[in-house]
Amino acid sequence: MAKINIKIEGIPYEVEEGLTILEAAKACGYEIPSLCTFNHGECNLGSCRVCLVEATGARGLVASCVYPVSEGMEIRISSPAAVKARRDSVELLLSNHNKNCQQCEKNEYCELLHVAKLTGARDDAFSGQRTKTYVDRLAPGIVRDTSKCILCGRCVARCQNAHGLGILGFENRGFQTIVSPAENRSFADSPCIQCGQCVNVCPTGALMEHSEIGLVDEAMKAGKHVIVQAAPAVRAALGEEFGYPVGTPVTGKMIAALRRLGFEKVYDVNFGADLTIMEEGTELLDRIRNKGVLPMITSCSPGWVNYAEFNYAELLPHLSSCKSPHEMQGAIIKSYWAEEKGINPADIFVVSVMPCTAKKFEKERPQLSKNGIKDVDAVITTRELARMIKRSGIIFNRLPDEDWDQDIMGDYSGAGVIFGVTGGVMEAALRTVYFKMTGKEKETITFEEVRGHDAGIREASLDIDGTTVNVALASGMRSAKILMDEIKEGKSKYHFIEIMGCPGGCINGGGQPYVRSCFLPDEDDDIIDTYKEKRANALYSEDERQTIRQSHNNPQINELYKKYLGKPNSHKAHELLHTSYEGRKGFK
């Protein structure tokens, strides 16, 4: 990349050509107050006008996030005019904003409040009429509150960039402009997949997960047997809420915190992941050997399942009939575990800690209940768990490292751990499929061909005992669409496809801690670009530490089949661990 010469506050610098003023300034050691601390290609509109600066060759002040540097440009960040303009911009945003900061669940992570402090913005500097407010609480996963929206457009761009969807857009004109699904409909009445990627990039509390902490509180107050289970990706990110560097696994402290919050039993969803592999791997082999519907596609990601039901109803037979791991485990808790403990399933309340907002929608599916009793009763995100820990007075960093409850169930293999990263479900399944096809364990255990944290499509052809197995992986619906269209056109060469709803997999789920440079404990400048890799490495490292790394070698899983389920894909296993899907229309 060619270099050019610029000046910032009169000091000469050499920077790469093609950068924006905001990017160039950061490279030179300046942090211009802005609402672009989390960009990744989103919000390139310059609409908020918070990052205004003076620049030679420009007419008046310019938005540094979209204005490119040029040879010989002189930039003034701290001129009185620029300082006042940035403060005025923030004050104008605040004048149309619901400033109930104490009640807002985005408090502590609100970028508008952060930039207000940086610019010295005054409360009520401007006052007058406000845009009409709309609050949408109908969808199980996401809440939308336009009174907190600053019209930055990040959510609109993220939905397009990650999924190729246009669920959110700008409605109305002028002062009445809002961000919403088409015709200001509820998320519940739109083809939204409930993934929560829009929540992850929203700088304020305009988009939030639908909190279910109250449901947990009510269950504990009612004297229910409240059982908690945590997904693998949670342990790789929860520490960020308590000052740990990104990618620090905090498994032991998380378990200790959950016990102190009052949960009767603390289980690992990795047990359910191992169970999923036993069912899914058997289903795949049956389809291959008996000329069943191929390619078979994973069904662990509820965001992906939602997308398939909305857009590819005719291809639903390609999806594995397996429930997702936490739903499988919830079903086992309310059947096998309940019988072993002598407890009425109606008195059990299962809470899943998930990196995902779509799981909140998933647990409401009628297919995932039996005799009116849900497999899972409440889903809280990684962020919600952090809130529960903080409100309880627990000092997370001082907690001892404790282990999961492992009575009857709870033990897990390394294969279960890696479910949280794109490619992980595929690799876990292949470890078991390899054994079932060859009768022996793969010498190196891992399948490096299917690893990688980036969104997009990866493919591999594997020779397993003389049989070629073609596989593909995709995360984000923009990539999934390519694979689904190939199947629709009869051009797919694959036997097995893994699809994850969120780009990068569950480590980047819509319920994970916010990735903002201004809130992260890390000091590395590249953390925004590497957070998915760091979280993924936390899971891969835990896999490597496990003595048992294949699902079929989990002794508790084998005991479950021996005592209760019979064998994978048995009638009882199908009754408890499998589900069905149905096509849905995009708008009601």
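Each value, and the rule that gives it
- Residues numbered from 1 in each chain as written.
- Predicted model: local features only at pLDDT ≥ 70, side-chain atom pairs only at ≥ 80, totals over all residues.
- Heavy atoms only, no water.
- Helix = DSSP H or I, 4+ residues; strand = E, 2+ residues; numbered from the N terminus.
- Rg over C-alpha atoms; globule rule 2.2 N^0.38 Å.
- Buried < 20%, exposed > 50% of the residue type's maximum accessible area, 1.4 Å probe, protein only.
- Contact = heavy atoms within 4.5 Å.
- Areas by Shrake-Rupley, 256 points an atom, 1.4 Å probe, with all protein chains shown as cover.
- Lys, Arg positive; Asp, Glu negative; His and termini not counted.
- Charge placed at Lys NZ, Arg CZ, Asp CG, Glu CD.
- Salt bridge = Lys/Arg side-chain N within 4 Å of Asp/Glu carboxyl O.
- Arc of directions from axis to C-beta.
- Phe/Tyr/Trp six-rings, centres within 6.5 Å; stacked < 30°, edge-to-face > 60°.
- Lys NZ or Arg CZ within 6 Å of the ring centre and 35° of its normal.
- Pairing = 2+ DSSP bridges.
- Axes fitted to C-alpha atoms, helices over the stretch in contact; angles between N-to-C directions.
- Bend = angle between axes of the 7 residues up to and from the residue.

Could you give an account of the overall build of the protein, with specific residues and numbers?
Helix and strand counts for the protein come out as 19 helices and 20 strands. A compact globule built from 588 residues should have a C-alpha radius of gyration of about 25 Å, and the protein, at 25 Å, falls within 12% of that. Seen through its principal axes, the protein has C-alpha atoms that stretch 75 × 55 × 50 Å. Looking at the 588 residues of the protein, the share that counts as buried comes to 61%. Relative to all contacts within the protein whose residues are 6 or more apart in sequence, the contacts with residues 24 or more apart total 75%. In the structure as shown, the protein presents an accessible area of about 23,000 Å², 49% of it carried by carbon and sulfur atoms. Considering the protein, the positive charge centre built from 70 side chains and the negative charge centre built from 78 side chains are found 4 Å apart.

Got a sec to walk through the pattern of salt bridges? Specific residues and values, please.
If you walk through the whole model with that rule in mind, you get 45 salt bridges. Note that Asp124 is salt-bridged to Lys99, the shortest N-O span being 3.8 Å. Of this pair, Asp124 sits in the loop between helix H3 (111-119) and strand E6 (135-136) while Lys99 is found in the loop between helix H2 (80-95) and H3, placing the two residues 25 residues apart along the sequence. For Glu575, the salt bridge is made with Lys370, and the minimal N-O distance between the two is 3.4 Å. Placement of Glu575 in helix H19 (residues 571-577) and of Lys370 in strand E15 (residues 369-370) is noted, with a sequence separation of 205 residues between them. What makes Glu575 partly exposed here is its relative accessible area of 42%. Its relative accessible area of 41% is what places Lys370 among the partly exposed residues. Linked by salt bridges that have partners in common, Glu427, Arg431, Arg451, Asp543 and Arg549 make up one network.

I'd like a rundown of helix H6 (residues 213-221), residues and numbers included.
For H6, every residue scored as buried is listed here: Ile213, Val216 and Ala219. Each buried residue of H6 sits inside an arc of 125 degrees when the element is viewed along its axis, so together they form one side. When the buried face of H6 is taken as reference, the exposed residues oriented beyond 90 degrees from it are Glu218 and Lys221. Buried-residue contacts for H6 involve strand E11 (225-230), strand E14 (348-354), strand E17 (378-381) and helix H13 (382-392). Phi for Gly223, located one or two positions after H6, is positive at around 80 degrees.

Which residues make up the packing of aromatic side chains, and what are the values?
Applying the stated criterion across every chain, the model contains 7 aromatic pairs. Between Tyr244 and Phe396 the ring centres are 6.2 Å apart and the planes differ by 85 degrees, which places this aromatic pair in the edge-to-face class. One end of the pair, Tyr244, is in the loop between helix H7 (232-235) and helix H8 (251-260); the other, Phe396, is in the loop between H13 and helix H14 (414-417), and 152 residues separate them in sequence. Looking at Tyr244, the relative accessible area reads 18%, which means it is buried. Aromatic pair Tyr307 and Tyr312: ring centres 6.0 Å apart, planes at 50 degrees, arrangement tilted. This pair shows no difference in class: Tyr307 is buried, exactly as Tyr312 is. Every member of this aromatic cluster is reached through a ring pair, and the members are Phe242, Tyr244 and Phe396. Positioned above the aromatic ring of Tyr564 is the side chain of Lys572, whose terminal nitrogen or guanidinium carbon lies 4.7 Å from the ring centre.

Go over the side chain of Ser34, please, and point to the residues and values.
Looking at the element boundaries, Ser34 is found in the loop between helix H1 (21-27) and strand E3 (52-55). Note on Ser34: relative accessible area 8%, which makes it buried. Ser34 has contacts with Leu22, Val50, Cys51 and Val115, leaving out every residue within four places of it along the chain.

Explain the sheet that holds strand E5 (residues 74-76) to me, and be specific about the residues and the numbers.
Either a parallel or an antiparallel arrangement is found when strands of a sheet pair, and the pairing is made through backbone hydrogen bonds. Taken together, 5 strands build an open sheet; the order of strands is E2-E1-E5-E3-E4 and the sheet is mixed. Strand pairing shows two members of the sheet lacking a second neighbour, strand E2 (11-16) and strand E4 (62-63), which therefore form its edges. Bridging between E3 and E4 involves 2 bridges; their strand directions are antiparallel. Looking at the pairing, Leu52 lines up with Ala63 of E4. Its contacts with the sheet put H2 on E3 and E5, and the angle it makes with E3 is roughly 155 degrees.

Before we move on, can you summarise helix H11 (residues 325-341) with the specific residues and values?
Owing to its 3.6 residues per turn, the α-helix brings residues three or four apart onto one side. For H11, the principal kink sits at Ile333 and spans about 40 degrees. Phi turns positive, to about 70 degrees, at Gly342, one or two residues after H11.

So what about the environment of Asp465? Which residues, and what values?
Along the chain, Asp465 turns up in the loop between strand E18 (456-464) and strand E19 (467-475). A sequence separation of 123 residues divides Asp465 from Gly342, and the C-alpha atoms of the two residues are 46 Å apart. Each residue touching Asp465, except ones within four places of it in the same chain, is listed here: Met437 and Thr438.

Residue-level account of the pairing of E18, with values.
The alternating pattern of E18 places Gly456, Arg458, Ala460, Leu462 and Ile464 on a buried face and Ile457, Glu459, Ser461 and Asp463 on a face that is not buried. When E18 meets E19, the two strands line up antiparallel, connected through 9 bridges. Residue pairing for E19: Ala460 is matched across the bridge by Val471. Linking E18 to E19, which pair antiparallel, is a turn of 2 residues; within it Asp465 sits at a positive phi near 55 degrees.

Break down the sheet that holds strand E13 (residues 296-297) for me, with residues and values.
What the 4 strands build is an open sheet, ordered E13-E20-E19-E18; its pairing is mixed. Either end of the sheet is taken by a strand with one partner, and the two such strands are E13 and E18. Where helix H15 (residues 424-438) meets the sheet, its contacts fall on E18, E19 and strand E20 (496-500), and the angle it forms with E20 comes to roughly 155 degrees.

Would you mind going over unusual backbone geometry in detail, with residue names and values included?
In this model, Leu294 is joined to Pro295 through a cis peptide bond whose omega is -5 degrees. Along the chain, Pro295 falls in the loop between helix H9 (270-289) and E13. Phi at Glu9 takes a positive value of approximately 55 degrees, unusual for a residue other than glycine. With respect to the helices, strands and loops of the structure, Glu9 is situated in the loop between strand E1 (3-8) and E2. Classification of Glu9 as partly exposed rests on a relative accessible area of 26%. One non-glycine residue, Asp465, adopts positive backbone phi at about 55 degrees. The exposure class of Asp465 is exposed, given its relative accessible area of 57%.

A description of the pairing of E17 should follow, citing residues and the corresponding values.
Along E17, one buried face is formed by Ala378 and Ile380 and the opposite face, lined by Val379 and Thr381, is buried too. Where E14 lies against E17, 4 bridges are found, and the strand directions are parallel. For Ser352, the partnering residue across the bridge sits in E17 and is Val379.

Worth remembering: the numbers are spatial, not functional.
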